[in-house]
Amino acid sequence: MQGSVARTMTVSAFVSPDHIRSLFAQAMSQMYRAEVPLYGDLIDLVAAINARVLEDQPDLAAQLERNDERARLDQERHGAIRVGTAAELATLRRLFAVMGMYPVGYYDLSVAGVPVHSTAFRPIEAAALSANPFRVFTSLLRLELIDDASLREQAARILERRQIFTARALQLIEQCEREGGLEPRQAEQFVAEALETFRWHSDATVSLPTYHALHDTHRLIADVVSFRGPHINHLTPRTLDIDAAQQAMVERGMVAKAVIEGPPRRACPILLRQTSFKALEETVHFPDNGEGATGTHTARFGEIEQRGLALTPKGRALYDALLSQAREADGAGNSGSDYPQRLEAAFTSFPDDHDTLRREGLGYFRYALTDAGRKDIAAVGDLPAEALIAAGLAIADPIVYEDFLPVSAAGIFQSNLGGTEQRAYSAHSNRDAFEQALGAPVHDEFAIYERLQRQSLDALRTY
(Lines give C-alpha, C1' and ligand atoms only; values in the text may rest on other atoms or scores of the structure.)
Protein backbone atom coordinates (compact mmCIF):
# COMPACT_ATOMS: atom_id res chain seq x y z
CA MET A 1 0.00 0.00 0.00
CA GLN A 2 2.76 2.44 0.94
CA GLY A 3 4.57 1.65 -2.32
CA SER A 4 1.41 2.42 -4.30
CA VAL A 5 1.02 5.76 -2.54
CA ALA A 6 4.69 6.60 -3.17
CA ARG A 7 4.34 5.82 -6.87
CA THR A 8 1.20 7.97 -7.11
CA MET A 9 2.95 10.88 -5.40
CA THR A 10 5.94 10.53 -7.75
CA VAL A 11 3.79 10.47 -10.88
CA SER A 12 1.80 13.50 -9.72
CA ALA A 13 5.07 15.39 -9.15
CA PHE A 14 6.19 14.91 -12.75
CA VAL A 15 6.16 17.90 -15.08
CA SER A 16 4.06 17.38 -18.21
CA PRO A 17 5.93 16.90 -21.49
CA ASP A 18 4.00 19.90 -22.82
CA HIS A 19 5.49 22.10 -20.11
CA ILE A 20 9.00 20.82 -20.76
CA ARG A 21 8.52 21.48 -24.48
CA SER A 22 7.41 25.04 -23.73
CA LEU A 23 10.43 25.61 -21.49
CA PHE A 24 12.74 24.25 -24.17
CA ALA A 25 11.17 26.29 -26.99
CA GLN A 26 11.48 29.46 -24.93
CA ALA A 27 15.09 28.71 -24.00
CA MET A 28 15.94 27.88 -27.60
CA SER A 29 14.40 31.14 -28.80
CA GLN A 30 16.34 33.18 -26.24
CA MET A 31 19.60 31.45 -27.15
CA TYR A 32 19.12 31.91 -30.90
CA ARG A 33 18.10 35.54 -30.43
CA ALA A 34 21.41 36.13 -28.63
CA GLU A 35 23.39 34.23 -31.28
CA VAL A 36 21.60 35.72 -34.32
CA PRO A 37 20.23 39.20 -33.46
CA LEU A 38 18.40 39.43 -36.80
CA TYR A 39 16.14 36.63 -35.52
CA GLY A 40 14.90 39.08 -32.88
CA ASP A 41 14.07 41.51 -35.67
CA LEU A 42 12.01 38.78 -37.36
CA ILE A 43 10.05 38.16 -34.16
CA ASP A 44 9.20 41.86 -33.85
CA LEU A 45 8.32 42.12 -37.55
CA VAL A 46 6.00 39.10 -37.43
CA ALA A 47 4.30 40.25 -34.21
CA ALA A 48 3.44 43.60 -35.80
CA ILE A 49 2.06 41.98 -38.96
CA ASN A 50 0.01 39.44 -37.03
CA ALA A 51 -1.52 42.16 -34.84
CA ARG A 52 -2.55 44.10 -37.94
CA VAL A 53 -4.06 41.03 -39.65
CA LEU A 54 -6.06 40.07 -36.55
CA GLU A 55 -7.41 43.62 -36.31
CA ASP A 56 -8.31 43.74 -40.00
CA GLN A 57 -9.81 40.22 -40.15
CA PRO A 58 -12.11 39.67 -37.14
CA ASP A 59 -13.49 36.43 -38.63
CA LEU A 60 -9.99 34.97 -38.74
CA ALA A 61 -9.34 36.17 -35.19
CA ALA A 62 -12.55 34.46 -34.03
CA GLN A 63 -11.59 31.24 -35.83
CA LEU A 64 -8.19 31.19 -34.12
CA GLU A 65 -9.84 31.74 -30.73
CA ARG A 66 -12.35 28.93 -31.33
CA ASN A 67 -9.62 26.45 -32.04
CA ASP A 68 -7.16 27.43 -29.29
CA GLU A 69 -4.77 28.78 -31.93
CA ARG A 70 -4.68 32.45 -30.93
CA ALA A 71 -2.57 31.92 -27.80
CA ARG A 72 -0.17 29.58 -29.55
CA LEU A 73 0.43 32.01 -32.43
CA ASP A 74 2.80 34.23 -30.46
CA GLN A 75 4.89 31.29 -29.25
CA GLU A 76 4.81 29.23 -32.41
CA ARG A 77 8.22 28.26 -33.71
CA HIS A 78 9.91 25.56 -35.67
CA GLY A 79 13.61 24.90 -35.72
CA ALA A 80 15.89 22.84 -37.92
CA ILE A 81 18.99 20.78 -37.22
CA ARG A 82 21.17 18.35 -39.17
CA VAL A 83 22.90 15.33 -37.65
CA GLY A 84 25.58 13.05 -39.00
CA THR A 85 25.02 9.52 -37.67
CA ALA A 86 22.27 7.03 -36.95
CA ALA A 87 23.25 7.02 -33.26
CA GLU A 88 22.81 10.80 -33.07
CA LEU A 89 19.39 10.60 -34.73
CA ALA A 90 18.21 7.76 -32.48
CA THR A 91 19.25 9.63 -29.34
CA LEU A 92 17.52 12.78 -30.56
CA ARG A 93 14.34 10.73 -30.89
CA ARG A 94 14.62 9.81 -27.21
CA LEU A 95 15.47 13.39 -26.22
CA PHE A 96 12.46 14.83 -28.04
CA ALA A 97 10.17 12.16 -26.55
CA VAL A 98 10.86 13.66 -23.11
CA MET A 99 9.16 16.79 -24.46
CA GLY A 100 6.22 14.98 -26.06
CA MET A 101 7.61 15.31 -29.59
CA TYR A 102 7.49 12.39 -32.02
CA PRO A 103 8.80 11.79 -35.56
CA VAL A 104 6.15 12.61 -38.15
CA GLY A 105 6.65 12.13 -41.87
CA TYR A 106 9.60 11.18 -44.07
CA TYR A 107 11.20 13.75 -46.36
CA ASP A 108 13.71 12.94 -49.08
CA LEU A 109 15.59 16.15 -49.86
CA SER A 110 18.01 14.40 -52.21
CA VAL A 111 15.45 15.00 -54.97
CA ALA A 112 16.65 18.61 -54.97
CA GLY A 113 20.36 17.97 -54.61
CA VAL A 114 20.52 18.11 -50.81
CA PRO A 115 22.17 14.93 -49.42
CA VAL A 116 19.90 14.37 -46.41
CA HIS A 117 16.61 12.77 -45.49
CA SER A 118 14.50 14.06 -42.68
CA THR A 119 11.57 13.91 -40.30
CA ALA A 120 9.81 16.45 -38.09
CA PHE A 121 9.67 15.93 -34.33
CA ARG A 122 6.46 17.47 -33.03
CA PRO A 123 3.42 16.94 -30.78
CA ILE A 124 0.67 14.84 -32.33
CA GLU A 125 -2.39 15.22 -30.06
CA ALA A 126 -4.83 18.15 -30.27
CA ALA A 127 -4.31 19.22 -26.66
CA ALA A 128 -0.53 19.04 -26.97
CA LEU A 129 -0.58 21.09 -30.18
CA SER A 130 -2.73 23.72 -28.47
CA ALA A 131 -0.36 23.82 -25.51
CA ASN A 132 2.72 24.38 -27.66
CA PRO A 133 3.21 23.27 -31.29
CA PHE A 134 7.02 23.54 -31.30
CA ARG A 135 8.59 21.40 -34.04
CA VAL A 136 12.13 20.56 -35.03
CA PHE A 137 12.81 19.54 -38.63
CA THR A 138 15.65 17.05 -38.27
CA SER A 139 17.84 15.87 -41.13
CA LEU A 140 20.29 12.96 -41.28
CA LEU A 141 23.34 13.33 -43.51
CA ARG A 142 23.58 10.65 -46.18
CA LEU A 143 27.27 9.86 -46.41
CA GLU A 144 26.59 7.22 -49.05
CA LEU A 145 25.80 10.04 -51.47
CA ILE A 146 29.37 11.37 -51.28
CA ASP A 147 31.10 10.01 -54.39
CA ASP A 148 34.67 10.45 -53.10
CA ALA A 149 35.23 7.24 -51.09
CA SER A 150 38.23 8.64 -49.21
CA LEU A 151 36.37 11.78 -48.18
CA ARG A 152 33.32 9.73 -47.26
CA GLU A 153 35.37 7.52 -44.94
CA GLN A 154 37.13 10.53 -43.43
CA ALA A 155 33.79 12.22 -42.70
CA ALA A 156 32.47 9.03 -41.08
CA ARG A 157 35.52 8.81 -38.81
CA ILE A 158 35.15 12.45 -37.75
CA LEU A 159 31.47 11.99 -36.92
CA GLU A 160 32.04 8.78 -34.97
CA ARG A 161 34.48 10.56 -32.65
CA ARG A 162 32.11 13.25 -31.44
CA GLN A 163 29.50 13.20 -28.67
CA ILE A 164 26.78 15.80 -29.22
CA PHE A 165 24.92 15.19 -25.94
CA THR A 166 26.08 16.09 -22.44
CA ALA A 167 26.45 13.28 -19.93
CA ARG A 168 23.75 14.82 -17.73
CA ALA A 169 21.30 15.08 -20.64
CA LEU A 170 21.75 11.37 -21.33
CA GLN A 171 21.23 10.57 -17.65
CA LEU A 172 17.99 12.56 -17.54
CA ILE A 173 16.70 10.93 -20.74
CA GLU A 174 17.32 7.50 -19.21
CA GLN A 175 15.69 8.56 -15.95
CA CYS A 176 12.60 9.82 -17.75
CA GLU A 177 12.33 6.57 -19.70
CA ARG A 178 12.82 4.52 -16.55
CA GLU A 179 10.52 6.42 -14.19
CA GLY A 180 7.96 7.84 -16.61
CA GLY A 181 8.71 11.53 -16.22
CA LEU A 182 10.82 14.30 -14.70
CA GLU A 183 10.21 16.43 -11.62
CA PRO A 184 10.35 20.26 -11.94
CA ARG A 185 14.00 20.68 -10.96
CA GLN A 186 15.02 17.79 -13.22
CA ALA A 187 12.98 19.26 -16.10
CA GLU A 188 14.84 22.56 -15.77
CA GLN A 189 18.16 20.69 -15.74
CA PHE A 190 17.09 18.71 -18.79
CA VAL A 191 16.25 21.85 -20.77
CA ALA A 192 19.59 23.46 -19.88
CA GLU A 193 21.56 20.33 -20.79
CA ALA A 194 19.59 19.61 -23.98
CA LEU A 195 20.16 23.17 -25.13
CA GLU A 196 23.91 22.50 -25.30
CA THR A 197 23.35 20.11 -28.21
CA PHE A 198 21.88 22.94 -30.29
CA ARG A 199 24.32 25.71 -29.38
CA TRP A 200 26.58 27.36 -31.96
CA HIS A 201 30.33 26.73 -31.60
CA SER A 202 32.72 28.93 -33.53
CA ASP A 203 35.58 26.45 -33.13
CA ALA A 204 35.63 23.81 -35.84
CA THR A 205 36.74 20.25 -35.15
CA VAL A 206 38.44 19.79 -38.53
CA SER A 207 41.36 21.50 -40.25
CA LEU A 208 40.76 24.24 -42.77
CA PRO A 209 41.84 22.01 -45.72
CA THR A 210 39.43 19.28 -44.58
CA TYR A 211 36.66 21.84 -44.22
CA HIS A 212 37.33 23.08 -47.76
CA ALA A 213 37.25 19.52 -49.12
CA LEU A 214 33.89 18.88 -47.45
CA HIS A 215 32.61 22.30 -48.48
CA ASP A 216 33.57 21.76 -52.11
CA THR A 217 31.60 18.51 -52.14
CA HIS A 218 28.53 20.18 -50.61
CA ARG A 219 28.25 23.05 -48.13
CA LEU A 220 25.72 21.17 -46.07
CA ILE A 221 28.18 18.28 -45.60
CA ALA A 222 30.74 20.73 -44.24
CA ASP A 223 28.09 22.17 -41.92
CA VAL A 224 27.23 18.77 -40.44
CA VAL A 225 30.72 17.26 -40.16
CA SER A 226 32.94 20.18 -39.14
CA PHE A 227 31.51 21.13 -35.73
CA ARG A 228 30.98 19.73 -32.24
CA GLY A 229 27.25 19.43 -32.65
CA PRO A 230 24.17 20.10 -34.79
CA HIS A 231 23.80 23.81 -34.06
CA ILE A 232 20.29 25.06 -34.69
CA ASN A 233 20.44 26.61 -38.15
CA HIS A 234 17.19 28.55 -37.96
CA LEU A 235 14.11 29.23 -35.87
CA THR A 236 10.89 30.22 -37.55
CA PRO A 237 7.99 32.36 -36.27
CA ARG A 238 4.55 31.92 -37.85
CA THR A 239 2.97 34.85 -39.65
CA LEU A 240 -0.59 35.32 -40.84
CA ASP A 241 0.57 37.20 -43.97
CA ILE A 242 3.88 36.05 -45.41
CA ASP A 243 3.68 38.39 -48.38
CA ALA A 244 3.59 41.36 -46.02
CA ALA A 245 6.43 39.80 -44.05
CA GLN A 246 8.52 39.39 -47.20
CA GLN A 247 7.97 43.03 -48.11
CA ALA A 248 8.79 44.17 -44.57
CA MET A 249 12.04 42.18 -44.61
CA VAL A 250 13.14 43.97 -47.76
CA GLU A 251 12.13 47.36 -46.35
CA ARG A 252 14.26 46.68 -43.27
CA GLY A 253 17.28 45.92 -45.40
CA MET A 254 17.31 42.16 -44.87
CA VAL A 255 18.57 40.11 -47.83
CA ALA A 256 15.34 38.20 -48.33
CA LYS A 257 14.83 35.13 -50.47
CA ALA A 258 13.68 36.06 -53.97
CA VAL A 259 10.78 33.56 -54.04
CA ILE A 260 8.36 32.45 -51.34
CA GLU A 261 8.40 28.64 -51.24
CA GLY A 262 5.13 26.72 -51.43
CA PRO A 263 1.72 27.51 -52.91
CA PRO A 264 0.79 31.00 -54.16
CA ARG A 265 -1.10 33.58 -52.12
CA ARG A 266 -4.71 32.47 -51.72
CA ALA A 267 -7.94 33.52 -50.01
CA CYS A 268 -7.82 30.17 -48.16
CA PRO A 269 -4.17 29.38 -47.33
CA ILE A 270 -3.12 25.75 -47.73
CA LEU A 271 -0.17 23.77 -46.41
CA LEU A 272 2.92 25.88 -45.84
CA ARG A 273 4.58 28.97 -47.32
CA GLN A 274 8.14 29.86 -46.28
CA THR A 275 10.65 32.61 -46.85
CA SER A 276 13.95 33.57 -45.21
CA PHE A 277 16.79 36.01 -45.06
CA LYS A 278 20.10 34.78 -46.39
CA ALA A 279 22.48 32.90 -44.13
CA LEU A 280 25.04 34.83 -42.13
CA GLU A 281 28.76 34.59 -42.81
CA GLU A 282 30.28 33.76 -39.42
CA THR A 283 33.90 33.60 -38.30
CA VAL A 284 35.20 30.11 -37.51
CA HIS A 285 38.49 29.04 -35.94
CA PHE A 286 40.15 25.90 -37.33
CA PRO A 287 42.75 23.80 -35.43
CA ASP A 288 45.52 23.93 -38.06
CA ASN A 289 49.16 22.99 -37.33
CA GLY A 290 48.73 23.54 -33.62
CA GLU A 291 48.46 27.30 -34.23
CA GLY A 292 44.97 27.62 -35.60
CA ALA A 293 43.53 29.31 -38.67
CA THR A 294 40.56 31.56 -39.20
CA GLY A 295 37.91 31.21 -41.87
CA THR A 296 34.18 31.71 -42.32
CA HIS A 297 31.14 29.46 -42.43
CA THR A 298 27.71 30.22 -43.84
CA ALA A 299 24.79 28.17 -42.55
CA ARG A 300 22.48 29.95 -40.11
CA PHE A 301 19.61 32.08 -41.34
CA GLY A 302 16.22 33.51 -40.40
CA GLU A 303 12.96 32.09 -41.67
CA ILE A 304 9.27 33.02 -41.57
CA GLU A 305 6.37 30.67 -42.30
CA GLN A 306 2.64 30.89 -42.95
CA ARG A 307 0.57 27.79 -42.26
CA GLY A 308 -2.75 26.93 -43.84
CA LEU A 309 -5.17 24.06 -44.29
CA ALA A 310 -3.89 20.49 -43.96
CA LEU A 311 -4.71 18.65 -47.18
CA THR A 312 -6.03 15.12 -47.56
CA PRO A 313 -4.18 12.65 -49.82
CA LYS A 314 -6.53 13.74 -52.62
CA GLY A 315 -5.77 17.39 -51.98
CA ARG A 316 -2.05 16.76 -51.68
CA ALA A 317 -1.99 14.87 -54.99
CA LEU A 318 -3.64 17.86 -56.69
CA TYR A 319 -1.20 20.24 -55.01
CA ASP A 320 1.84 18.21 -56.11
CA ALA A 321 0.56 17.98 -59.68
CA LEU A 322 -0.07 21.73 -59.95
CA LEU A 323 3.27 22.58 -58.32
CA SER A 324 5.06 20.33 -60.83
CA GLN A 325 3.15 21.96 -63.65
CA ALA A 326 4.31 25.42 -62.53
CA ARG A 327 7.90 24.38 -61.92
CA GLU A 328 8.30 22.37 -65.11
CA ALA A 329 6.93 25.06 -67.42
CA ASP A 330 9.75 25.84 -69.85
CA GLY A 331 12.05 23.76 -67.61
CA ALA A 332 12.66 26.81 -65.44
CA GLY A 333 11.93 25.30 -62.01
CA ASN A 334 11.19 28.02 -59.49
CA SER A 335 13.70 30.37 -61.03
CA GLY A 336 12.89 33.24 -63.34
CA SER A 337 11.00 36.43 -62.67
CA ASP A 338 7.80 34.90 -64.07
CA TYR A 339 7.66 32.02 -61.55
CA PRO A 340 5.04 33.69 -59.30
CA GLN A 341 2.81 34.20 -62.36
CA ARG A 342 3.31 30.59 -63.49
CA LEU A 343 2.46 29.39 -59.99
CA GLU A 344 -0.71 31.46 -59.74
CA ALA A 345 -1.82 30.33 -63.20
CA ALA A 346 -1.35 26.66 -62.32
CA PHE A 347 -3.25 26.97 -59.03
CA THR A 348 -6.37 28.45 -60.57
CA SER A 349 -7.38 24.76 -60.76
CA PHE A 350 -7.25 24.42 -56.97
CA PRO A 351 -10.52 25.47 -55.24
CA ASP A 352 -10.07 28.52 -53.04
CA ASP A 353 -13.05 28.49 -50.69
CA HIS A 354 -13.43 26.34 -47.59
CA ASP A 355 -16.88 24.98 -48.48
CA THR A 356 -15.64 23.53 -51.78
CA LEU A 357 -12.40 22.28 -50.23
CA ARG A 358 -14.41 20.48 -47.57
CA ARG A 359 -17.14 19.06 -49.78
CA GLU A 360 -14.62 17.78 -52.34
CA GLY A 361 -12.55 16.10 -49.63
CA LEU A 362 -9.42 18.14 -50.36
CA GLY A 363 -8.70 19.27 -46.80
CA TYR A 364 -9.15 18.33 -43.15
CA PHE A 365 -11.54 20.29 -40.94
CA ARG A 366 -12.38 20.54 -37.25
CA TYR A 367 -16.13 20.41 -36.59
CA ALA A 368 -17.95 21.99 -33.66
CA LEU A 369 -21.53 22.86 -32.74
CA THR A 370 -22.59 26.48 -32.99
CA ASP A 371 -24.50 28.20 -30.19
CA ALA A 372 -27.71 27.23 -32.00
CA GLY A 373 -26.58 23.59 -32.15
CA ARG A 374 -25.72 23.49 -28.47
CA LYS A 375 -29.10 24.96 -27.57
CA ASP A 376 -31.01 22.47 -29.74
CA ILE A 377 -29.26 19.12 -29.31
CA ALA A 378 -32.42 17.30 -30.39
CA ALA A 379 -32.20 18.95 -33.79
CA VAL A 380 -28.61 17.77 -34.17
CA GLY A 381 -29.61 14.13 -33.87
CA ASP A 382 -27.93 11.94 -36.46
CA LEU A 383 -27.83 14.55 -39.19
CA PRO A 384 -24.69 14.38 -41.34
CA ALA A 385 -22.12 17.08 -40.80
CA GLU A 386 -22.91 18.92 -44.05
CA ALA A 387 -26.59 19.10 -43.12
CA LEU A 388 -25.68 20.48 -39.69
CA ILE A 389 -23.53 23.14 -41.30
CA ALA A 390 -26.27 24.07 -43.79
CA ALA A 391 -28.74 24.41 -40.89
CA GLY A 392 -26.37 26.63 -38.92
CA LEU A 393 -26.05 24.00 -36.19
CA ALA A 394 -22.34 23.29 -36.74
CA ILE A 395 -19.27 24.95 -38.15
CA ALA A 396 -16.13 23.54 -39.77
CA ASP A 397 -12.76 25.30 -39.37
CA PRO A 398 -9.59 24.33 -41.24
CA ILE A 399 -7.12 22.11 -39.38
CA VAL A 400 -3.70 23.73 -39.46
CA TYR A 401 -0.97 21.95 -41.40
CA GLU A 402 1.71 21.10 -38.83
CA ASP A 403 4.26 19.52 -41.14
CA PHE A 404 6.64 20.40 -43.98
CA LEU A 405 7.09 20.16 -47.75
CA PRO A 406 10.24 18.53 -49.13
CA VAL A 407 10.49 20.76 -52.21
CA SER A 408 10.05 23.87 -50.07
CA ALA A 409 12.54 22.70 -47.44
CA ALA A 410 15.10 21.96 -50.13
CA GLY A 411 14.45 25.36 -51.68
CA ILE A 412 15.13 27.08 -48.34
CA PHE A 413 18.31 25.03 -47.85
CA GLN A 414 19.54 25.76 -51.36
CA SER A 415 18.94 29.49 -51.08
CA ASN A 416 21.19 29.53 -48.04
CA LEU A 417 23.85 27.23 -49.45
CA GLY A 418 24.55 29.19 -52.61
CA GLY A 419 23.51 28.52 -56.17
CA THR A 420 26.36 26.26 -57.28
CA GLU A 421 25.57 23.07 -55.36
CA GLN A 422 25.72 19.85 -57.33
CA ARG A 423 22.45 18.20 -58.36
CA ALA A 424 23.60 14.59 -58.59
CA TYR A 425 21.52 13.15 -55.76
CA SER A 426 18.07 12.99 -57.34
CA ALA A 427 15.60 10.22 -56.49
CA HIS A 428 17.35 8.44 -53.63
CA SER A 429 14.46 8.01 -51.23
CA ASN A 430 15.16 5.39 -48.56
CA ARG A 431 12.59 5.53 -45.81
CA ASP A 432 13.48 2.06 -44.52
CA ALA A 433 17.09 3.07 -43.90
CA PHE A 434 15.99 6.29 -42.21
CA GLU A 435 13.60 4.51 -39.86
CA GLN A 436 16.26 1.93 -39.06
CA ALA A 437 18.62 4.76 -38.08
CA LEU A 438 15.85 6.47 -36.13
CA GLY A 439 15.03 3.30 -34.24
CA ALA A 440 11.29 3.64 -34.83
CA PRO A 441 8.80 4.15 -37.65
CA VAL A 442 7.73 7.70 -38.41
CA HIS A 443 4.09 8.64 -37.86
CA ASP A 444 1.82 9.08 -40.87
CA GLU A 445 0.78 12.75 -40.97
CA PHE A 446 -2.40 11.97 -42.90
CA ALA A 447 -3.51 9.52 -40.22
CA ILE A 448 -2.95 12.18 -37.55
CA TYR A 449 -5.10 14.77 -39.38
CA GLU A 450 -7.76 12.17 -40.12
CA ARG A 451 -7.90 11.29 -36.41
CA LEU A 452 -8.21 14.96 -35.39
CA GLN A 453 -11.07 15.44 -37.85
CA ARG A 454 -12.81 12.24 -36.73
CA GLN A 455 -12.53 13.21 -33.06
CA SER A 456 -14.23 16.53 -33.77
CA LEU A 457 -17.04 14.79 -35.70
CA ASP A 458 -17.56 12.30 -32.88
CA ALA A 459 -17.71 15.17 -30.39
CA LEU A 460 -20.73 16.60 -32.23
CA ARG A 461 -22.78 13.62 -31.01
CA THR A 462 -21.50 13.58 -27.45
CA TYR A 463 -21.96 17.22 -26.49
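Colleague: Got a minute to help me understand the overall build of the protein chain in this structure?
Modeller: When its secondary structure is counted, the protein chain shows 22 helices and 11 strands. By the burial criterion, 54% of the 463 residues in the protein chain qualify as buried. Expressed as a percentage of contacts within the protein chain between residues at least 6 apart in sequence, the contacts between residues at least 24 apart total 76%. A total accessible area of about 19,600 Å² is found for the protein chain, and carbon and sulfur atoms account for 50% of it.

Colleague: How should the pairing of strand S6 (residues 272-277) be read in this particular structure?
Modeller: Counted residue by residue, S6 has six buried out of six residues, so it is predominantly covered. Here S6 shows no split at all, with Leu-272, Gln-274 and Ser-276 on one side and Arg-273, Thr-275 and Phe-277 on the other all buried. Alignment of S6 against strand S9 (residues 302-307), held across six bridges, turns out to be antiparallel. Following the sheet pairing, Arg-273 is matched in S9 by Gln-306.

Colleague: It is not clear to me how unusual backbone geometry should be interpreted in this structure. Could you clarify?
Modeller: Glycine aside, residues mostly have negative phi, and peptide bonds are mostly found in the trans state. For Leu-271, which is not a glycine, the phi torsion comes out positive at approximately 55°. Structurally, Leu-271 is set in the loop between helix H13 (242-251) and S6. For Leu-271, a relative accessible area of 1% puts it in the buried group.

Colleague: It is not clear to me how helix H22 (residues 445-460) should be interpreted in this structure. Could you clarify?
Modeller: One turn of an α-helix holds 3.6 residues; hence residues three or four places apart share an orientation. Taking 1.5 Å per residue as the helical rise, H22 with its 16 residues ought to reach 22 Å, and the 24 Å between its terminal C-alpha atoms agrees with that figure. All of the buried residues along H22 are Glu-445, Ile-448, Tyr-449, Leu-452, Gln-453, Ser-456, Leu-457 and Leu-460. As for H22, its buried residues are in contact with strand S2 (102-108), strand S3 (116-122), helix H7 (126-131), strand S10 (365-369), helix H18 (377-380) and helix H19 (385-390). For H22, the N-terminal cap is Asp-444; the gap from its side-chain oxygen to the backbone nitrogen of Phe-446 is 2.9 Å.

Colleague: Please clarify how the environment of Leu-182 should be interpreted in this entry.
Modeller: You can see Leu-182 is positioned in the loop between helix H9 (167-179) and helix H10 (184-195). Under the relative-accessibility criterion, Leu-182 is labelled buried at 1%. C-alpha separation for the pair Leu-182 and Phe-14, spaced 168 residues apart in sequence, amounts to 5.1 Å. Discounting chain neighbours no more than four positions away, the residues touching Leu-182 are Ala-13, Phe-14, Val-15, Ile-20, Val-98, Leu-172, Cys-176, Ala-187 and Phe-190.

Colleague: I'm lost on the environment of Arg-451 in this one. Help?
Modeller: The residue Arg-451 is located in helix H22 in this model. Between the alpha carbons of Arg-451 and Tyr-364 there is a distance of 9.8 Å; along the sequence they are 87 residues apart.

Colleague: Could you clarify how one ought to interpret the nonpolar core in this entry?
Modeller: Side chains of nonpolar character tend, in soluble globular proteins, to be buried together. One finds Leu-141, Val-225, Tyr-319, Phe-347, Phe-350 and Tyr-367 to be the most contacted residues of the largest nonpolar core, which totals 71 residues. Those residues in contact with Phe-347 that lie beyond four places of it in its chain are Pro-263, Pro-264, Arg-266, Ile-270, Tyr-319, Leu-322 and Leu-323. Ranked by size, the runner-up nonpolar core spans 64 residues in total, among them Leu-95, Phe-134, Cys-176 and Ala-194.

Scoring rules and cut-offs
Residues numbered from 1 in each chain as written. Predicted model: local features only at pLDDT ≥ 70, side-chain atom pairs only at ≥ 80, totals over all residues. Heavy atoms only, no water. Helix = DSSP H or I, 4+ residues; strand = E, 2+ residues; numbered from the N terminus. Buried < 20%, exposed > 50% of the residue type's maximum accessible area, 1.4 Å probe, protein only. Contact = heavy atoms within 4.5 Å. Areas by Shrake-Rupley, 256 points an atom, 1.4 Å probe, with all protein chains shown as cover. Pairing = 2+ DSSP bridges. Expected span 1.5 Å × (residues − 1). Polar contact = N/O pair within 3.5 Å; in protein donor to acceptor, adjacent residues only side chain to side chain. Core = buried A, V, L, I, M, F, W, Y, C linked by side-chain atoms within 4.5 Å.

Bear in mind that shape data such as this cannot, by itself, settle questions of function.
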